[in-house]
Amino acid sequence: MRGADLVARALARAGTRRVFALSGNHVMPVFDAALDAGLPILHVRHEAAAVHMADAWARLTGEVGVALVTGGPGHANAVSALYTALAAQSPVLLLSGHAPVAELGKGAFQEMAQAQMAEPVCKASWTVRSAHSLGEDLARAMRMAKSGRPGPVHLSLPSDLLEAEADGSVPAKEAFVPEAFPPGKDEEVICTLRKARTPLVIAGPAFSPARGRAELERFEEVTGVPAIVMESPRGANDPSLGLLAEVLASADAVLLVGKPLDFTLRFGAAFGKGSRVLEAERLPAPGQGWARSRWREEARAALAFRPALWAGLASAPEGPLHPAEVGREVQKLLAGPQAVLVADGGEFGQWAQATVSAPHRVINGVAGAIGAALPFAAAAKLALPGATVVAMLGDGTFGFHASEIDTAVREKLAYVAVVGNDSCWNAEFQIQLRSFGAARARGLDLLPTRYDRVAAAFGAHGEQVERPAELAPALSRAAGAGRVACVNVLIERRPAPVFRRE
Ligand SMILES: Cc1ncc(C[n+]2csc(CCOP(=O)(O)OP(=O)(O)O)c2C)c(N)n1
């Protein structure tokens, strides 16, 4: 057995259903070994897309998402996407080919300090040193990705080890099982929440997938303590959480579950003076007999707050469209129990999150890195084939991974990409307007490109929407196209929504 066979068989033993990959000299033995191991490989158009897909797959399935790329520049391309997975607490395994051990330090082809390069954006990152240990290294990496606070792990796989005869064995299934959480201080935490008048639970992004939200909902039902997820880089201005800033300021006791007390909470300043802040890695067992107050309903009403204006908002009949109107129509597509919303980009991504909800939501998240929407949507369709998947993204954002439309066509992944096209990197343009004035708002224009036609050239279904009346029929045709579709909607350049009591 080659080292590469050990890798492929170990992945198969772990239950890996899909590997997201971009080929390259160093990893071709793994491609070859995957054939015999029955390991399906999905080939993408950019290494970062492979990691973004593994990330979305992990969030939606709860499995470790596996990406496989080549060494040197392939690895470097993949690393940027790990940042998003790290901030999203997403259990991703990045496997990168690597220059042969026998040639290290001699200037080998694409030789690079890969493990060091990935280290800042991973829970752990190392280079495998022996062909025999490839299976054990893989099992350890997968365990680490899911144990405790989940996150990405990187392994570099030297090509000579992949080609060498390996007499190591494929680890048993149990070797891939993540470690249980060590016992926390449940009693103390629960006691503090019980005594509080306005308690609040804030979970980290690992709780964003539907199963995490269901866990929080059960906790809230039993305790009456509002339990929310924060996963927006806008923190208290999270566009999907209405008057969150008010709720944070009103809480007298806050339990952070796998949620760092970071910039999103203004390092604690988002809470009222004298509020108690506790930290835990998992949700404590709630126990019974919780006293009820009006606080839960008040908090929930504040979080659901949206300006009344939006419901009746109508764009000019000749267009361009208000982004809230786009959201209102997209919402109608996402009525099913399995629907997935992907939101990405600057201001349009914020509008999407403010106006659309779905049972499953994958957003670029706390990392605040734009560009992942098309890979996210493709992986979402693969993970939940029966779901309607809609990605809402800005026109600037579309450009990052536009060629993944080709991947979606090839793999028959029928999602709908709705591009909010304002011919601008609007989020940054708005910063120029606010900070430097209209006379100095320069350099952020984009062309009014027909992204529907770009997508159509890859083989997708394309729709152009210039007037509000065209939107609903275009979305309906896109959703029914039976293949990936791109709806290019001309929108107004609006700043992201800000919520204030009316
Ligand atoms: C990887 C990355 N590069 C740059 C940025 C900075 N950035 C945030 S939003 C934005 C503009 C996005 O433009 P577009 O996708 O067209 O959406 P719009 O704001 O126009 O709605 C930029 C450049 C970022 N967040 N992430």
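Residues numbered from 1 in each chain as written. Predicted model: local features only at pLDDT ≥ 70, side-chain atom pairs only at ≥ 80, totals over all residues. Heavy atoms only, no water.

(A) Examining the site of the ligand more closely. Near the ligand lie 16 residues; those nearest to it are Phe-348, Gly-368, Asp-395, Gly-396 and Thr-397. Here Phe-348 contributes a backbone N or O atom positioned 2.8 Å from an oxygen atom of the ligand. Between a nitrogen atom of the ligand and a main-chain N or O atom of Ile-370, the distance comes to 3.1 Å. Notes on the ligand: free accessible area 590 Å², of which the protein chains cover 76%. (Near = heavy atom within 4 Å. Polar contact = N/O pair within 3.5 Å; in protein donor to acceptor, adjacent residues only side chain to side chain. Areas by Shrake-Rupley, 256 points an atom, 1.4 Å probe, with all protein chains shown as cover.)

(B) Highlighting the layout of surface pockets. Estimated volume of the largest pocket: approximately 830 Å³. Of all the secondary-structure elements, those providing two or more residues to the lining of the largest pocket are helix H9 (210–223), strand E8 (227–229), helix H11 (295–304), helix H12 (309–312), helix H13 (323–333), helix H14 (347–355) and strand E12 (360–363). A volume near 650 Å³ is recorded for the second largest pocket. Looking at the second largest pocket, it is lined by 29 residues, and the ones nearest its centre are Gly-346, Glu-347, Gln-350, Ala-427 and Glu-428. Within the residue set of the lining of the second largest pocket, elements represented by two or more residues are H14, helix H16 (395–398) and helix H18 (426–436). (1 Å grid on protein atoms, 1.4 Å probe; cavity = no way out; pocket = protein on both sides within 12 Å on 5 of 7 lines; lining within 4 Å. Points joined across faces, edges and corners; volume = space filled by probe spheres on them. Helix = DSSP H or I, 4+ residues; strand = E, 2+ residues; numbered from the N terminus.)

(C) The state of the cysteines, seen in detail. Applying the stated criterion across every chain, the model contains zero disulfides. There is no disulfide at Cys-424, and the cysteine sulfur nearest it, in Cys-486, is 18 Å away. (Disulfide = S-S within 2.5 Å.)

(D) Highlighting the sheet that holds strand E9 (residues 253–257). In space, the four strands of this open sheet follow the order E8-E7-E9-E10, with parallel pairing throughout. In this open sheet, the two strands that pair with only one neighbour each are E8 and strand E10 (276–280). Within the sheet, the average angular offset between the axes of one strand and its neighbour, ignoring direction, is 20°. (Pairing = 2+ DSSP bridges. Axes fitted to C-alpha atoms, helices over the stretch in contact; angles between N-to-C directions.)

(E) Main features of the environment of Arg-292. With respect to the helices and strands, Arg-292 occurs in the loop between E10 and H11. Spatially, the C-alpha atom of Arg-292 lies 48 Å from that of Glu-470, the residues being 178 residues apart in sequence. In this structure Arg-292 touches Glu-220, Glu-221, Val-222, Thr-223 and Gly-224, once residues within four positions along its chain are discounted. Looking at Arg-292, its side chain comes within polar contact range of the main-chain oxygen of Glu-221, at 3.0 Å. Within the structure, the side chain of Arg-292 is placed 2.8 Å from the backbone oxygen of Val-222, a separation counted as a polar contact. (Contact = heavy atoms within 4.5 Å.)

(F) Spatial organisation of the sheet that holds strand E4 (residues 92–98). Within the open sheet, the six strands sit side by side as E2-E1-E3-E4-E6-E5. Their pairing is parallel. Both edges of this open sheet fall to strand E2 (41–43) and strand E5 (124–127), since each of them pairs with a single strand only. Across the sheet, the mean angle from the axis of one strand to that of its neighbour is 20°, orientation sign disregarded. Direction of pairing for strand E1 (residues 19–21) relative to strand E3 (residues 65–69): parallel, over a ladder of three bridges. Bridged to Val-19 within E3 is Val-66. Together, E1, E2, E3 and E4 form the strand contacts of helix H3 (residues 47–61), whose direction differs from that of E3 by roughly 170°. Contacts between helix H4 (residues 73–87) and the sheet are confined to E3, E4 and strand E6 (153–158), with E4 contributing the most and set at about 165° to the helix.

(G) Spatial organisation of the pairing of strand E11 (residues 340–344). Burial analysis of E11 places five of its five residues in the buried class, which makes it a mostly covered element. In the sheet, E11 pairs with E12 via four bridges, with the strands oriented parallel. Within the sheet, the bridge partner assigned to Val-340 lies in E12 and is His-360. Read as a crossover between parallel neighbours, the route from E11 over H14 to E12 is right-handed. (Buried < 20%, exposed > 50% of the residue type's maximum accessible area, 1.4 Å probe, protein only. Right-handed = clockwise from strand over helix to strand, strands pointing away.)

(H) Looking closely at the packing of helix H1 (residues 3–13) against helix H2 (residues 28–37). Running from N to C, H1 and H2 point in directions that differ by 50°, and their axes come no closer than 8 Å. By the criterion of interaxial angle, the relationship of H1 to H2 is oblique. In terms of crossing hand, the pair formed by H1 and H2 is right-handed. Contact with H1, carried on its side by Ala-4, Asp-5, Val-7, Ala-8, Arg-9 and Ala-12, involves Pro-29, Val-30, Ala-33, Ala-34 and Ala-37 of H2 and no other residues of that element. Of the residues contributing to the contact of H1 with H2, the split by class is nine nonpolar, no polar and two charged. (Parallel < 35°, antiparallel > 145°, perpendicular 65-115°, else oblique. Left-handed = near helix turned anticlockwise from the far one by under 90°. Nonpolar A, V, L, I, M, F, W, Y, C, P; charged D, E, K, R; others polar.)

(I) How the structure looks around the pattern of salt bridges. Evaluated as defined, the whole model comprises 24 salt bridges. Note that Arg-17 and Glu-63 form a salt bridge whose closest N and O atoms lie 2.8 Å from each other. Here Arg-17 is found in the loop between H1 and E1, whereas its partner Glu-63 is found in the loop between H3 and E3, with 46 residues between them in sequence. Look at Arg-17 and you get partly exposed, because its relative accessible area is 43%. Two residues, Arg-477 and Glu-463, come together in a salt bridge whose shortest N-O distance is 2.8 Å. Placement of the pair is Arg-477 in helix H20 (residues 468–479) and Glu-463 in strand E15 (residues 461–465), with a sequence separation of 14 residues. Relative accessible area serves as the criterion here: at 44%, Arg-477 is assigned to the partly exposed category. Each member of the salt-bridge network shares a partner with another, and the members are Glu-220, Glu-221, Arg-296 and Arg-300. (Salt bridge = Lys/Arg side-chain N within 4 Å of Asp/Glu carboxyl O.)

(J) Expanded view of the nonpolar core. Formed by 56 residues in total, the largest nonpolar core has its most connected members in Leu-82, Phe-398 and Tyr-415. Once you skip the residues sitting within four places of it in the chain, Leu-82 turns out to touch Val-51, Val-92, Leu-94, Ala-118, Val-121, Cys-122 and Pro-152. Counting residues in hydrophobic clusters, the runner-up holds 38 residues, among them Ala-8, Val-64, Ala-131 and Ala-139. (Core = buried A, V, L, I, M, F, W, Y, C linked by side-chain atoms within 4.5 Å.)

(K) The arrangement of the side chain of Thr-407 in detail. Here Thr-407 shows up in helix H17 (residues 404–410). A polar contact is formed between the side chain of Thr-407 and the side chain of Arg-410, at a distance of 3.3 Å.

Remember that the coordinates give geometry; whether it matters functionally is a separate question.
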